[in-house]
Amino acid sequence: NFSIAQAVAIQGQNILAVGTDEEVLKLKGPNTNVMDLKGRTVMPVFVDTHRHMYNSAENTYGGGLTAAQLNRFPVDWRGVHSKDDVIAQIKSIMDKEKIKPGEWIYFANQLMFINGGTVDQAKILYNDLDRFDIDKVTPNNPVILSIGIPDFMGVMVNTKAWDILNQKYGAMIKENGRYWINDAGIPTGHLEPPASRLALPYSYNRAPEVLAPMYKADMQELNSMGLTTVSTRLPQDSLRAYQYLEKRGDMTFRLGYGTIEDFGAVMDFAKEMPALGKKIGTGTDKIWVTAIGPTAVDGVTTRACTDMKQIGRAHV
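The model shown is predicted, which means the values in this text are computed figures rather than measured ones.

The rules behind each value
- Residues numbered from 1 in each chain as written.
- Predicted model: local features only at pLDDT ≥ 70, side-chain atom pairs only at ≥ 80, totals over all residues.
- Heavy atoms only, no water.
- Pairing = 2+ DSSP bridges.
- Helix = DSSP H or I, 4+ residues; strand = E, 2+ residues; numbered from the N terminus.
- Axes fitted to C-alpha atoms, helices over the stretch in contact; angles between N-to-C directions.
- Contact = heavy atoms within 4.5 Å.
- Parallel < 35°, antiparallel > 145°, perpendicular 65-115°, else oblique.
- Nonpolar A, V, L, I, M, F, W, Y, C, P; charged D, E, K, R; others polar.
- Patch = residues over 30% accessible without salt bridge, like charges linked within 9 Å, V, L, I, M, F, W, Y side chains within 5 Å.
- Areas by Shrake-Rupley, 256 points an atom, 1.4 Å probe, with all protein chains shown as cover.
- Salt bridge = Lys/Arg side-chain N within 4 Å of Asp/Glu carboxyl O.

A. Quick peek at the sheet that holds strand S9 (residues 187-191). Taken together, six strands build an open sheet; the order of strands is S4-S5-S6-S7-S9-S8 and the sheet is mixed. Single-partner strands in this sheet number two, and they are strand S4 (73-76) and strand S8 (179-181). For this sheet the average axis-to-axis angle between neighbouring strands, irrespective of direction, equals 30 degrees. One ladder, built from three bridges, connects strand S5 (residues 105-110) with strand S6 (residues 143-146); its direction is parallel. The partner of Phe 107 across the bridge, within S6, is Leu 145. Packing against the sheet, helix H4 (residues 83-97) makes contact with S4, S5 and S6, and its axis sits at approximately 150 degrees to S4.

B. View of the packing of helix H2 (residues 53-61) against helix H9 (residues 208-224). Where H2 contacts H9, the two axes come as close as 8 Å, and the packing angle between them is 100 degrees. Classified by the interaxial angle, the pair formed by H2 and H9 is roughly perpendicular. For the pair formed by H2 and H9, the contact residues are Met 53, Tyr 54, Ser 56, Ala 57, Glu 58, Thr 60 and Tyr 61 on the first element and Leu 211, Met 214, Tyr 215, Ala 217, Asp 218, Met 219, Glu 221 and Leu 222 on the second. Looking at the contact of H2 with H9, its residues break down into ten nonpolar, two polar and three charged.

C. Summary view of a nonpolar patch on the surface. A contiguous nonpolar patch, built from Val 8, Ile 10, Ile 15 and Val 18 and spanning about 400 Å² of accessible area, is present on the exposed surface. Those elements giving two or more residues to the nonpolar patch turn out to be strand S1 (7-11) and strand S2 (14-19). Positionally, Ile 15 belongs in strand S2.

Here it is as structure tokens:
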């Protein structure tokens, strides 16, 4: 029933009514501001129902920050011909950054199989490299390496990280998986959901003050194109940064988000699921929970679509 209205009444951030001039002006009060558009048209803004805006903001506006500030240390695969090349890069990063013992480290593998990576490089990442290789150059820190697109569908951890996860979630990981084992039945450190979802929250440790300027700049760019509302998933440190902006009056978006830490990390369904359900709809007018739901459940090679299994090694 497409129609064009003459007037709109707005109170605060809510639209009260649309209709004819006569109908809408009945709502006028002593403090109402009346704007005559002089024949111009007001259009609704755009709502993007699927946009990973925090990723976009960090990729676009994160150039002025160090890898340490973002806790995203890039491993460049353009010159990688063996697992030793990967290990050498990680060692170089560790030597340069002087990271404190015990701090969680996230290495972002800059290898996209869909536009640039090779089958041989995929073999290095999936079959050749394991947690024991990473242990050699990260003896004092728990480590996460991305192996999936997106990362929550697949990560590799070193032994320190594996031990921490098993101490807290061992029974759940043993029952539900998914983790890879080598020919001797020993876990290699490669994790798929739900195990990968248990590891990633340890990397969501970036400060709101670091992330907020990037997110603000990204929102302003999207505002200039007519976007004011988005639906996305949000890791906890990104959520804290947007909430930080909201408290400062700098949140120029309405942000409906789904949580990505909860799904796959429920150890007691009877106790935890009702509480998770109650989260939906909570929040503020600017930032609220839309869903707690599954995405790319099976942890497949493309991390999103078909269900191709790794060849040559057993899965648990």
